[in-house]
Amino acid sequence: MKTLYLATHNRHKKEEIQNIFQNHPILSEHFRIEGLDALDFHEEIPETADTLEGNALQKAQYIHQKFNVDCFADDTGLEVPSIGNRPGVFSARYANMPDCFEENGFVSEESLQMPDPTFDQNIDRLLFKLQNKPRQARFRSVICLILNEEAYYFEGSVNGTILPERQGGQGFGYDPIFQPDGFDKSFAELSLDEKNAISHRGKAVEALISFLEKQ
Ligand code: IMP
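Residues numbered from 1 in each chain as written. Predicted model: local features only at pLDDT ≥ 70, side-chain atom pairs only at ≥ 80, totals over all residues. Heavy atoms only, no water.

A.B. asks: Report on the site of the ligand, specifying residues and quantitative values.
C.D. replies: Looking at the ligand, there are 17 residues lining it, with Lys13, Glu47, Asp175, Lys195 and Arg201 nearest. Within the side chain of glutamate 47, one N or O atom sits 2.7 Å away from an oxygen atom of the ligand. Taking arginine 201, its side chain carries an N or O atom lying 2.7 Å from a nitrogen atom of the ligand. Taking 480 Å² as the accessible area of the ligand by itself, protein coverage stands at 94%. Every element with two or more residues in the shell around the ligand is listed here: strand S3 (71-80) and helix H7 (200-213). The dominant element in the shell around the ligand, judged by the number of residues it contributes, is S3, at three residues. Within the shell around the ligand, the residues separate by chemical class into five nonpolar, four polar and eight charged. (Near = heavy atom within 4 Å. Polar contact = N/O pair within 3.5 Å; in protein donor to acceptor, adjacent residues only side chain to side chain. Areas by Shrake-Rupley, 256 points an atom, 1.4 Å probe, with all protein chains shown as cover. Helix = DSSP H or I, 4+ residues; strand = E, 2+ residues; numbered from the N terminus. Nonpolar A, V, L, I, M, F, W, Y, C, P; charged D, E, K, R; others polar.)

Below you can see the structure in the form of structure tokens.
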């Protein structure tokens with residue numbers, strides 16, 4: 001039995017990922033997934049790269065080097081083509097970005113140092129920026145797994161539309177304003193199982209699980 005540590009403090013991500021692993025009982029005979037609380041690690045994990053792949057690697061590598069364990073990390077962005085695929089890799093700190101961010105992509109050191117805004121502040125900024133703009137969007141997740149000193153990447157994405165106002169009370173982050181294509185509900189109106197079946201993270205975790213099943 002091998003233990004894989006999930007390099008995140010985000011309890012929503014943890015819940016989603018653990019739920020998917022629980023639906024694969026054969027895998028759980030060979031791999032046990034643990035959170036960072038099992039390592040008694042509660043500090044922030046640095047996340048300063050400018051791509052999802054870079055951030056996922058940075059987070060996984062940080063935990064791997066600190067504790068010498070096999071682990072994986074997820075990095076996710078909401079990409080909206082009408083504003084240059086923003087907020088993208090800056091989704092967690094979007095409300096901290098300067099006014100001209102969508103046009104020139106400029107990110108100051110200062111905005112990277114600020115504490116993350118709330119989910120509501122990030123949503124408010126996106127709704128403001130999308131008045132009169134096309135609202136097609138895509139969630140994209142990249143997982144980096146470090147197993148036996150090698151890094152492996154897995155990706156998942158889902159297309160949808162940014163709603164004009166919040167709908168629903170489940171989930172986290174931008175879920176209340178993201179309506180996946182083919183649904184008339186936001187992510188925040190879906191159950192955990194329903195969201196996982198179609199979501200960016202659900203697909204990336206399924207790709208990770210297929211890989212682990214072959215090990
Ligand atoms: P992270 O950098 O991967 O932790 O995530 C960046 C930000 O994207 C988070 O702060 C959330 O606001 C948002 N986010 C990540 N995953 C999801 C999701 O599944 N639904 C809605 N928002 C998400």
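A.B. asks: So, the pattern of salt bridges: which residues are in play, and what are the values?
C.D. replies: Evaluation of the coordinates by the stated rule reveals 18 salt bridges. In this structure, the salt-bridge partner of lysine 59 is glutamate 47, at a minimum N-O distance of 3.4 Å. With lysine 59 in helix H2 (residues 52-67) and glutamate 47 in the loop between strand S2 (31-34) and H2, this residue pair connects regions lying 12 residues apart in the sequence. Note on lysine 59: relative accessible area 5%, which makes it buried. Within this structure, Lys13, Glu16, Asp74, Asp175, Lys195 and Arg201 form a network of salt bridges that share partners. (Salt bridge = Lys/Arg side-chain N within 4 Å of Asp/Glu carboxyl O. Buried < 20%, exposed > 50% of the residue type's maximum accessible area, 1.4 Å probe, protein only.)

A.B. asks: I'd like to hear about the nonpolar core, residue by residue, with values.
C.D. replies: Residues Ile63, Leu78, Val80, Leu126, Ile162, Tyr174 and Phe178 are the most contacted members of the largest nonpolar core, which totals 38 residues. Among the secondary structure elements, those contributing two or more residues to this core are H2, S3, helix H5 (119-129), strand S5 (136-147) and strand S6 (150-162). For this core, the leading source of residues is S5, giving five residues. With residues near it in sequence (within four places) discarded, leucine 78 still touches Asn85, Arg86, Pro87, Gly88, Ser91, Leu126, Ala137, Arg138, Phe139, Ile162, Tyr174 and Phe178. Grouped together as the second largest cluster of nonpolar side chains are 19 residues, Ile17, Ile20, Ile143 and Phe211 included. (Core = buried A, V, L, I, M, F, W, Y, C linked by side-chain atoms within 4.5 Å. Contact = heavy atoms within 4.5 Å.)

A.B. asks: Would you mind going over H2 in detail, with residue names and values included?
C.D. replies: Its 16 residues place the ends of H2 23 Å apart at the C-alpha level, agreeing with the 22 Å of an ideal helix rising 1.5 Å per residue. Considered for burial, the residues of H2 that qualify are Leu52, Asn55, Ala56, Lys59, Ala60, Ile63 and His64. Down the axis of H2, the sector holding all buried residues measures 160°, keeping them to one side. (Expected span 1.5 Å × (residues − 1). Arc of directions from axis to C-beta.)

A.B. asks: I'd love a proper account of H5, names of residues and values included.
C.D. replies: Where H5 is concerned, the buried positions are Asn122, Ile123, Arg125, Leu126, Leu127 and Lys129. Those residues of H5 hidden inside the fold are in contact with S3, strand S4 (86-88), helix H3 (101-104) and S6.

A.B. asks: Let's hear about the pairing of strand S1 (residues 2-6): which residues, and what values?
C.D. replies: In terms of residue burial, S1 counts as a mostly covered element, since four of its five residues are buried. Looking at chain direction, S1 and S2 are connected through four bridges and run parallel. When the sheet's bridge partners are listed, tyrosine 5 is paired in S2 with glutamate 34. As for the winding sense of the linkage, the β-α-β connection from S1 through helix H1 (residues 11-22) to S2 is right-handed. In this structure, S1 lies alongside S3, joined through two bridges in parallel fashion. Across the sheet, leucine 6 pairs through a bridge with phenylalanine 72, a residue of S3. (Pairing = 2+ DSSP bridges. Right-handed = clockwise from strand over helix to strand, strands pointing away.)

By themselves, these figures tell us nothing about what the structure is for.
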